[in-house]
Amino acid sequence: MSERENIVVVGAGSFGTALATVVALEGRVPVTLIGRDPSLMADLRNDRVHNAALPGVPLPDNLVFSAEPDALEEASIVLFAMPSQAHADAARHYGPYIRSETIIVSCAKGIERSSGRLLTEVLGHELPHHSAAVLSGPGFAADIARGLPTAMAVAAADLSIAERLARVISGRTFRLYASADPIGVQLGGALKNVLAIACGIAEGAGLGESARAALISRGLAEMSRLAEALGGRGETIRGLSGLGDLVLTGTSHQSRNLRFGISLGQGHPADMAGGALVEGAFTAAIASDLASRHHVELPITDAVAAIIEGRLDVTTALERLMSRPITTE
Ligand SMILES: NC(=O)C1=CN([C@@H]2O[C@H](COP(=O)(O)OP(=O)(O)OC[C@H]3O[C@@H](n4cnc5c(N)ncnc54)[C@H](OP(=O)(O)O)[C@@H]3O)[C@@H](O)[C@H]2O)C=CC1
Ligand SMILES: O=C(CO)COP(=O)(O)O
């Protein structure tokens, strides 16, 4: 590994803090975590725990905290760990501090809802002189930060960039697999959130575990269809950032998307404001829209979007899904 690697993580929420922590624990590469709130960053520096994002997880002594963007000037790799819908603003705000040879990695799982752009497209548009990559796959921030074994994918159009990122960021407990399919990896991460909401709806409505297995399998088919229509690979969707993450978040109550779905399935209206970040609530409608633009059928995703928007109730959604024409698998 080059002596000059230097990682800056932007976004001091759960995932940003976990990524910064797991890399710092390896001790091979200097790591700085940048957050927007100076008083939070001062507390993290002093207390070495982030009670809001990762309660009870000690933060390593060699992890540097800052509210100033200047640290970006030293970075060889920048990890963007903020919500998908904040990527364009963050790129405009932090971009001027980032050297052109620095790789920018989106660690978010979503699609820009105002435009339908994938996050590497957003970064490519805002920061055209940088290589953009994406990190996605099954891993809860708390598990990663606690050093529980986790595997994810990192993708860039240039495989050698993805391989470099995998080598620099991976460690004893956090293992990255390199991919040259950033479209597939991003869509796997974004779409599985919508399907995790579907699994939650089924759970909340008491539809049973067989229904969940059906949603996971047919959801995987939806993810593959849209990924292929947008230029990604079906085999990517059957990997970590697709099947792997759908199994994790479609079955674990640690998932915010699953919990949001449970609440919908219990009959509560969608609460999009405040509270925990539920990326799939923003992705559902734009994924449904992208699918119709590309003449791809996503019946489960369409139903989730309609339930979130209050256009469809769970009983009618289920009737519609079950009465679709009988077809081959
Ligand atoms: N949590 C997890 O287990 C995992 C999350 N992810 C993905 O990571 C992304 C972030 O999720 P997560 O960390 O959980 O969310 P959190 O809500 O915990 O944190 C989001 C962070 O982003 C910051 N932020 C918001 N807008 C901006 C901006 N314009 N510029 C800089 N920072 C900004 C927030 O800062 P402030 O507090 O100042 O608003 C906050 O610190 C999501 O796309 C999620 O799907 C991926 C894998 C695992
Ligand atoms: O993506 C995640 C784990 O891989 C986190 O899932 P939630 O955003 O649903 O909590």
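Rules of the game
- Residues numbered from 1 in each chain as written.
- Chains lettered and ligands numbered in written order.
- Predicted model: local features only at pLDDT ≥ 70, side-chain atom pairs only at ≥ 80, totals over all residues.
- UniProt positions renumbered as here; feature names shortened; annotations may be inferred.
- Helix = DSSP H or I, 4+ residues; strand = E, 2+ residues; numbered from the N terminus.
- Contact = placed C-beta atoms within 7 Å.
- Buried ≥ 20, exposed ≤ 12 C-beta atoms within 10 Å, placed from the backbone.
- Near = placed C-beta within 6 Å.
- Nonpolar A, V, L, I, M, F, W, Y, C, P; charged D, E, K, R; others polar.
- Pairing = 2+ DSSP bridges.
- Axes fitted to C-alpha atoms, helices over the stretch in contact; angles between N-to-C directions.
- pLDDT = per-residue confidence, 0-100.
- Right-handed = clockwise from strand over helix to strand, strands pointing away.
- Domains from an automatic or database assignment.
- Expected span 1.5 Å × (residues − 1).

1. With respect to the UniProt feature "binding site: sn-glycerol 3-phosphate" (unreviewed entry) in the protein
In step 1: On the UniProt side, "binding site: sn-glycerol 3-phosphate" (unreviewed entry) is annotated at positions that read K109, G137, K192, D245, S255, R256 and N257 here.
In step 2: With respect to the helices and strands, D245 occurs in helix 10 (residues 240-251).
In step 3: Look past the residues within four positions of D245 in its chain and what remains in contact with it is G137, P138, G188, G189, K192 and L240.
In step 4: In this structure, R256 sits in helix 11 (residues 256-265).
In step 5: On the basis of neighbour counts, which here come to 22 C-beta atoms within 10 Å, the residue R256 falls in the buried class.
In step 6: The residues touching R256, leaving out its near neighbours within four places in the chain, are A276, L277 and V278.

2. Things to note about the site of ligand 1
In step 1: Near ligand 1 lie 27 residues; those nearest to it are G13, F15, M82, A86 and A108.
In step 2: Those elements that place two or more of their residues in the shell around ligand 1 are helix 1 (14-26) and helix 3 (87-94).
In step 3: Looking at the shell around ligand 1, the element that brings in the most residues is helix 1, giving three residues.
In step 4: A per-class count over the shell around ligand 1 returns 14 nonpolar, eight polar and five charged.

3. Points about the UniProt feature "domain: Glycerol-3-phosphate dehydrogenase NAD-dependent N-terminal" (unreviewed entry) in the protein
In step 1: The UniProt entry lists residues 7-160 under the feature "domain: Glycerol-3-phosphate dehydrogenase NAD-dependent N-terminal" (unreviewed entry), expressed in the numbering used here.
In step 2: Each end of residues 7-160 is marked by a C-alpha atom, and these two atoms are 18 Å apart; helix forms 30% of the span and strand 19%.

4. Side note on the environment of L207
In step 1: Following the sequence through the fold, L207 ends up in the loop between helix 7 (182-204) and helix 8 (209-229).
In step 2: For L207 and L318, which are 111 residues apart along the polypeptide, the C-alpha to C-alpha distance reads 9.7 Å.

5. With respect to the environment of G124
In step 1: Mapped onto the fold, G124 is located in helix 4 (residues 119-126).
In step 2: Residue classification places G124 among the partly exposed positions, given that 18 C-beta atoms sit within 10 Å.
In step 3: Here the alpha-carbon distance between G124 and P69, two residues 55 residues apart in the chain, equals 20 Å.

6. Focus on the sheet that holds strand 3 (residues 64-66)
In step 1: Ordered by their spatial adjacency, eight strands build an open sheet running 3-2-1-4-5-6-7-8, and the pairing between neighbours is mixed. The sheet is open, and its two edges are formed by strand 3 and strand 8 (174-179), each paired on a single side. Each neighbouring strand pair of the sheet contributes to a mean axis angle of 25°, computed without reference to strand direction.
In step 2: Bridge count between strand 5 (residues 103-106) and strand 6 (residues 132-136): three bridges; the pairing is parallel. Bridging across to strand 6, I104 finds its partner in A132.
In step 3: Sitting on the sheet, helix 10 touches strand 6, strand 7 (150-155) and strand 8, and the angle it makes with strand 7 is about 145°.

7. Thoughts on the confidence of the model for the protein
In step 1: Averaged over the protein, the pLDDT score is 97; the fraction of residues at 70 or greater is 99%.
In step 2: Across the predicted assembly, pTM comes out at 0.98 and ipTM at 0.99.

8. Digging into the pairing of strand 8
In step 1: Sheet analysis places strand 7 next to strand 8, joined by six bridges and oriented parallel. Along strand 8, the bridge assignment pairs A151 with R175.
In step 2: Where the polypeptide runs from strand 7 across helix 6 (residues 159-169) and back to strand 8, its parallel neighbour, the crossover connection is right-handed.

9. Digging into the domain arrangement of the protein
In step 1: According to the domain assignment, the protein contains domain 1 (7-180) and domain 2 (183-323).
In step 2: Placing the centre of domain 1 and that of domain 2 at their C-alpha centroids yields a distance of 25 Å.
In step 3: The interface of domain 1 with domain 2 comprises 22 residues on the first partner and 24 residues on the second.
In step 4: The element best represented in the side of domain 1 that touches domain 2 is strand 7, accounting for four residues.
In step 5: Here the side of domain 1 that touches domain 2 is composed, by residue class, of twelve nonpolar, eight polar and two charged.

10. Some details on the site of ligand 2
In step 1: Surveying the vicinity of ligand 2 reveals the residues K109, P138, G139, F140, A196, D245, L248, T249, S255, R256, N257 and E279.
In step 2: Mapped onto the shell around ligand 2, the elements with two or more residues apiece are helix 10 and helix 11.
In step 3: Counting residues per element, the shell around ligand 2 draws most heavily on helix 10, at three residues.
In step 4: Of the residues belonging to the shell around ligand 2, the class tally is four nonpolar, four polar and four charged.

11. Some thoughts on helix 7
In step 1: Here helix 7 spans 33 Å end to end across 23 residues, near enough to the 33 Å set by a 1.5 Å rise per residue.
In step 2: Most of helix 7 is tucked away, with 23 of its 23 residues classed as buried.
In step 3: After helix 7 finishes, the residue G206 shows a positive phi value of roughly 70°.

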